[in-house]
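Residues per chain, in single letters:
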Amino acid sequence: EVLGVVLESASAKKKVSPFYLAPDRVYRAKFSALATVDLLNAYMNLGRPNRYLSEAVEARQELDLKVGVAFSRFQTKYFQGRYGDLDSNVLSYGPCQSPTLGFLVERHIDIENFVPRRYYVLSLNLIAGGRATQFSWVQSAKRIYERKQAEALADKLGSTATLTQVQHKKKKQARPLPLNTVALLKACSSSLNIGPAQAMHLAENLYLNGFISYPRTESTAFPSSFDVRRTVEPLLSSATYGHLARKLLTPGKASSLGPRSGGVDMGDHPPILPVRGAEPRELGGGDEFRVYDLVTRTFLASIADDAVWDVTTIKIQCADHIFMTSGRSLVSKGFLEILNRRYEEEDDNEIVTEEQTLPNFVVGTKFPILSQATAPEFARVSVNDRVTVPPDYMNESELIGKMEKEGIGTDASIPTHIQNVIARNYAELAPGRKLKPTKLGIVLCQGYHAIDSALILPKVRADIERSCDRIASGDMSKDIVVSKALEYFRSKFAFFRAAIDRMDILFASSFTKLEDAGKPYIRDGFKRVYLMYIPGPPPRLYNRNTETVYELPYGGNINVWDGHKCPICTFELLRYSVGNPQRTFPLCCYCYKNQITQEEQEIQDTGDEKRSRSRNLCLDSPLKDSHPLISEICVGYVSDILPDTDDDSALVVDVSGGNKQQLISTRSPIVVTFGTEKNQVHKLEALTKYDDESAAHMLQVTFHKDKSPLPDGKNSLSAYLSTNEQLQSLAHIRRGSERLKITSSRGRGGRGKGRGRGRGRGRGRGRHMSDKAKKMSFRDF
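Residues numbered from 1 in each chain as written. Predicted model: local features only at pLDDT ≥ 70, side-chain atom pairs only at ≥ 80, totals over all residues. Heavy atoms only, no water.

**Things to note about the overall build of the protein**
- The number of helices and strands found in the protein is 21 helices and 24 strands.
- Taking all contacts inside the protein whose residues are at least 6 apart in sequence as the whole, residues at least 24 apart take part in 68%.
- Working note: accessible area of the protein is about 38,300 Å², and carbon and sulfur atoms make up 49% of it. (Helix = DSSP H or I, 4+ residues; strand = E, 2+ residues; numbered from the N terminus. Contact = heavy atoms within 4.5 Å. Areas by Shrake-Rupley, 256 points an atom, 1.4 Å probe, with all protein chains shown as cover.)

This is the structure:
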């Protein structure tokens, strides 16, 4: 509704807040499109901000964040410390996310428990009018599961089939309702093969660029003041939609323009509609235009005429049994001329009858029932077997409808919840945009049921949503709703922790214990025993003898650095490669573990939440610049070669070896090479000589003898990077990407945390979220 800081400022006392705003100076502009006329109209009709709507949003955020963090943190630490192949960085719980997963797992269990059963039906094939027409048995009794019973019924049908009814009926197929957010997401998934999160992103871009109205709305009906003609007129000049708009605005039709009844005006924003015309080339012709095309055509179809069908129903009686067939033919296209996809009313079975023209039959005509074609017109009865089939996995459109029906999430948050279920590896997207739960998702969901089904069933969340709606209407206090909900989940969490062994039994049956997982990788520095590598995610090293787990950074590639040991703990070393082009740093798992422990303790002691980080996501050097493995190969700083930058991260020798002779920054994706041609350098080496003033080692650059750019036939140059102009003149600087060129779908997330900057300052972890970003962030949960 309005930013919380504005409301807080408006209600603060002037002496307390320097940002004081008198309440009578705060206004709210309401608009649903970025067209000039809409913005001007909003400015001329300013209203007051609604505190209740703002508090309802804040209540949802507070509950989702606090509940999600508590459960997610506990179960992630508990199970990742016990199992090696969970294949997920975070085992998250969410009051909306988890019931969403519950719907998918419930369907999966229905499929797995389904037992197919063969049954039998009668079928009548009528050969008349020069063609064969298939009639279906109108079965009033229960299914027949014995073939002999079905054959006995067929024998009792007699020898004559009498045509008892030929009914012709004009049937209207209602035009679609205007789109709200949920309808848009369902249509994009089922008709355009675009997932909810991507569909919402594309719709928001279209809105921000002024092509459609605000895409987050619950309304499927326009307000009484809505001007349909004004919305259609901008489309008249469109090459794609102009002929459709002109047809709707022709005299005689324009006066009756408007959507059908049945929609609901929720009072938030009108349904989604086009604001101005657009052509494929204007929007790139890709998915963005496809979404625009769907919005535009659905809007035009919603104000067009209904389609009219001629539906024919024919019935034949054999003894006491009825057989029926039906067909339809299009009389008037109506909205079907506009909407290039099949639109069906879910509660109108006749409309979805197969489109076909049936022969002209006469009531009272009798046909002999024969097994052989001994007459020009006859009926043949057969016994056909069928097999019951299980339900299919939910597709995105079905899941969205289920979430809306059960009150899980809002129209704005539904795409995020579905995306999170996939991102956490709880479900995978199958062909047909079907969502199939993974082993992890099934075990987690069943584990909740084993402890407390209320954690996964939709009722609790639906009750919270209703309470938040009452906050928005001013009927309940935000503080009371939040307090009661947190107290409820506090007791749930206490019981969950005490009964976690119930869930652990399921995990133990499906996943590999940490002590049984992994492969020998490197030796530790104490007793020289092999540590087992658990690829995860998250990646870890595990000591079976001491039950010690060494967490490793993720976001890059890890491999063994043969023949190298840490000067502090004598653990064998790893190499960590990240970015494009790749930058490779030394890594000691023991020192990295201690570094994380120390930082987490500092955060706990100081309460400095600004230093919170995404768990182990690392897109630069995993060790601090002060660690001997880093300081021993430090030959300068980025500011030595880029004096105008504020980047003072260290430049170290890349430890990948081979042809990749380069300097790399420990805190930014900067790569430095030397020479005028590619692969001129034979070796880069940080010498033992150290300059206190520049806080760096001397760099030795050795060129290939036949490629050396140095004068007088020299092929080697040793100098300090910060002071030697010749060395600086040979340096070529490239800013790459923090991400690897080839990334997997999991384990290499987005932009991560740094490890600090600045010379001699300890180089703690850097790049933190702002307070504002933290308030709105649900990362990792």
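**Digging into the sheet that holds strand β20 (residues 670-674)**
- Reading across from one edge, β17-β18-β19-β20-β24 is the order of the five strands in this open sheet, with antiparallel pairing throughout. Since the sheet does not close on itself, it has two edges, and those belong to β17 (634-637) and β24 (731-735), each with one partner. Adjacent strand axes in the sheet meet at a mean angle of 25°, parallel and antiparallel pairs treated alike. (Pairing = 2+ DSSP bridges. Axes fitted to C-alpha atoms, helices over the stretch in contact; angles between N-to-C directions.)

**Examining the pairing of strand β23 (residues 716-719)**
- Of the two faces of β23, the one holding Leu717 and Ala719 is buried and the one holding Ser716 and Ser718 is not buried anywhere.
- Bridge analysis of strand β22 (residues 696-703) against β23 gives four bridges, and the strand direction is antiparallel. Its bridge partner lying in β23, Val701 is registered against Leu717. (Buried < 20%, exposed > 50% of the residue type's maximum accessible area, 1.4 Å probe, protein only.)

**With respect to the sheet that holds β22**
- Sheet architecture is open: three strands sit in the order β21-β22-β23, paired in antiparallel fashion. Because the sheet does not close on itself, it has two edges, and the strands there are β21 (681-691) and β23. Neighbouring strand axes in the sheet, compared pairwise and without regard to direction, differ in orientation by 15° on average.

**Notes on the nonpolar core**
- By size, the foremost hydrophobic cluster in this structure holds 99 residues, and its most contacted members are Leu184, Ile212, Tyr292, Leu300, Phe496, Met503 and Phe507.
- By residue number, the principal contributor to this core is helix α10 (residues 287-302), which donates eight residues.
- Setting aside chain neighbours within four positions, we find Phe496 in contact with Phe71, Phe74, Gln75, Tyr448, Ile451, Leu455 and Met503.
- By size, the runner-up hydrophobic cluster in this structure holds 60 residues, among which are Cys591, Ile641, Val701 and Ala731. (Core = buried A, V, L, I, M, F, W, Y, C linked by side-chain atoms within 4.5 Å.)

**A word on a negative patch on the surface**
- A cluster of acidic residues, Glu218, Asp265, Asp268 and Glu404, forms a negative patch on the protein surface.
- Note that Asp268 resides in the loop between α9 (242-248) and α10. (Patch = residues over 30% accessible without salt bridge, like charges linked within 9 Å, V, L, I, M, F, W, Y side chains within 5 Å. Salt bridge = Lys/Arg side-chain N within 4 Å of Asp/Glu carboxyl O. Lys, Arg positive; Asp, Glu negative; His and termini not counted. Charge placed at Lys NZ, Arg CZ, Asp CG, Glu CD.)

**Structural notes on the pairing of β20**
- Within β20, four of the five residues are buried, which leaves the element mostly enclosed by the surrounding structure.
- Examined bridge by bridge, strand β19 (residues 663-665) and β20 share two bridges and lie antiparallel to one another. Note that in β20 the partner of Leu663 across the bridge is Val672.
- Count of turn residues in the β19/β20 antiparallel hairpin: four residues.
- As paired strands, β20 and β24 are joined by five bridges and run antiparallel to one another. Residue pairing in the sheet places Val672 in a bridge with Ile733 of β24.

**Considering the environment of Pro586**
- Mapping Pro586 onto the fold places it in strand β16 (residues 583-587).
- On the accessibility criterion, Pro586 (1% relative accessible area) is buried.
- Taking the C-alpha atoms as reference points, Pro586 and Ile633, separated by 47 residues in sequence, lie 9.9 Å from one another.
- Dropping the residues within four chain positions of it, Pro586 is found in contact with Trp561, Leu574, Pro622, Leu623, Leu629, Ile630, Ile633 and Val655.

**Topic: a nonpolar patch on the surface**
- On the surface, a cluster of nonpolar side chains totalling about 490 Å² of accessible area is made up of Tyr27, Tyr43, Met44 and Leu46.
- In this fold, Leu46 is placed in the loop between α2 (36-44) and α3 (51-80).

**Focus on the packing of aromatic side chains**
- For the coordinates displayed, the defined rule picks out 26 aromatic pairs.
- Look at Phe74 and Phe493: their rings are 6.0 Å apart centre to centre, the planes differ by 85°, and that puts the pair in the edge-to-face class. In this pair, Phe74 is assigned in helix α3 and Phe493 in helix α15 (residues 478-498), connecting sequence segments 419 residues apart.
- The class for Phe74 is buried, based on a relative accessible area of 17%.
- The buried category is assigned to Phe493, whose relative accessible area is 18%.
- When the ring of Tyr488 is compared with that of Phe489, the centres are 5.5 Å apart and the planes differ by 90°; the resulting orientation is edge-to-face.
- By relative accessible area, which is 35% here, Tyr488 ends up partly exposed.
- Stacked on the ring of Trp309, the Lys or Arg Arg328 has its end atom at 3.7 Å from the ring centre. (Phe/Tyr/Trp six-rings, centres within 6.5 Å; stacked < 30°, edge-to-face > 60°. Lys NZ or Arg CZ within 6 Å of the ring centre and 35° of its normal.)

**Concerning unusual backbone geometry**
- In this structure, Pro581 follows Asn580 across a cis peptide bond, with omega equal to 5°.
- Looking at where Pro581 falls in the secondary structure, it is placed in the loop between β15 (572-578) and β16.
- Even without being glycine, Ala319 reaches a positive phi, approximately 55°.
- Owing to a relative accessible area of 39%, Ala319 belongs among the partly exposed residues under this scheme.

**Some remarks on the confidence of the model for the protein**
- Counting all residues, the mean pLDDT for the protein is 84, and 87% of those residues have values of 70 or more.
- Of the regions scoring below 50 in pLDDT, residues 609-613 engages in 15 contacts with residues more than four places distant in sequence or in other chains.
- Every residue in residues 742-781 is under pLDDT 50, and counting partners more than four places away or in other chains gives 118 contacts. (pLDDT = per-residue confidence, 0-100.)

**A few points about the pattern of salt bridges**
- Summed over all chains, the structure comprises 28 salt bridges.
- Glu204 serves as the salt-bridge partner of Arg216, at 2.2 Å between the closest nitrogen and oxygen. You can see Arg216 sitting in the loop between α7 (196-208) and α8 (228-232) and its partner Glu204 sitting in helix α7, a full 12 residues away along the chain.
- With a shortest N-O distance of 2.4 Å, Glu396 and Arg433 are connected by a salt bridge. In this pair, Glu396 sits in helix α11 (residues 396-406) while Arg433 sits in the loop between β8 (427-430) and β9 (434-437), placing the two residues 37 residues apart along the sequence. Summarising the burial analysis for this pair, Glu396 and Arg433 share the class buried.
- One continuous salt-bridge network, built from bridges that share partners, spans Arg60, Asp64, Arg461, Glu465 and Asp469.

**Examining the side chain of Asn543**
- Take Asn543: it is sitting in strand β12 (residues 540-543).
- In this structure the side chain of Asn543 is engaged in a polar contact, spanning 2.9 Å, whose partner is the backbone nitrogen of Asn545.
- Among the polar contacts made by the side chain of Asn543, one reaches the main-chain amide nitrogen of Thr546 at a distance of 3.3 Å.
- Ignoring anything within four residues of it in the chain, the contact list for Asn543 reads Asp524, Val529, Leu531 and Thr548. (Polar contact = N/O pair within 3.5 Å; in protein donor to acceptor, adjacent residues only side chain to side chain.)

**With respect to the packing of helix α6 (residues 181-192) against α10**
- Direction vectors running N to C along α6 and α10 enclose 120°, while the axes themselves pass 11 Å from each other. By the criterion of interaxial angle, the relationship of α6 to α10 is oblique. For the pair α6 and α10, the sense of crossing is right-handed. Counted together, Leu184, Ala187, Cys188 and Leu192 of α6 and Arg290, Val291, Leu294 and Val295 of α10 form the full contact between these two elements.
- In the contact of α6 with α10, the residues fall into seven nonpolar, no polar and one charged. (Parallel < 35°, antiparallel > 145°, perpendicular 65-115°, else oblique. Left-handed = near helix turned anticlockwise from the far one by under 90°. Nonpolar A, V, L, I, M, F, W, Y, C, P; charged D, E, K, R; others polar.)

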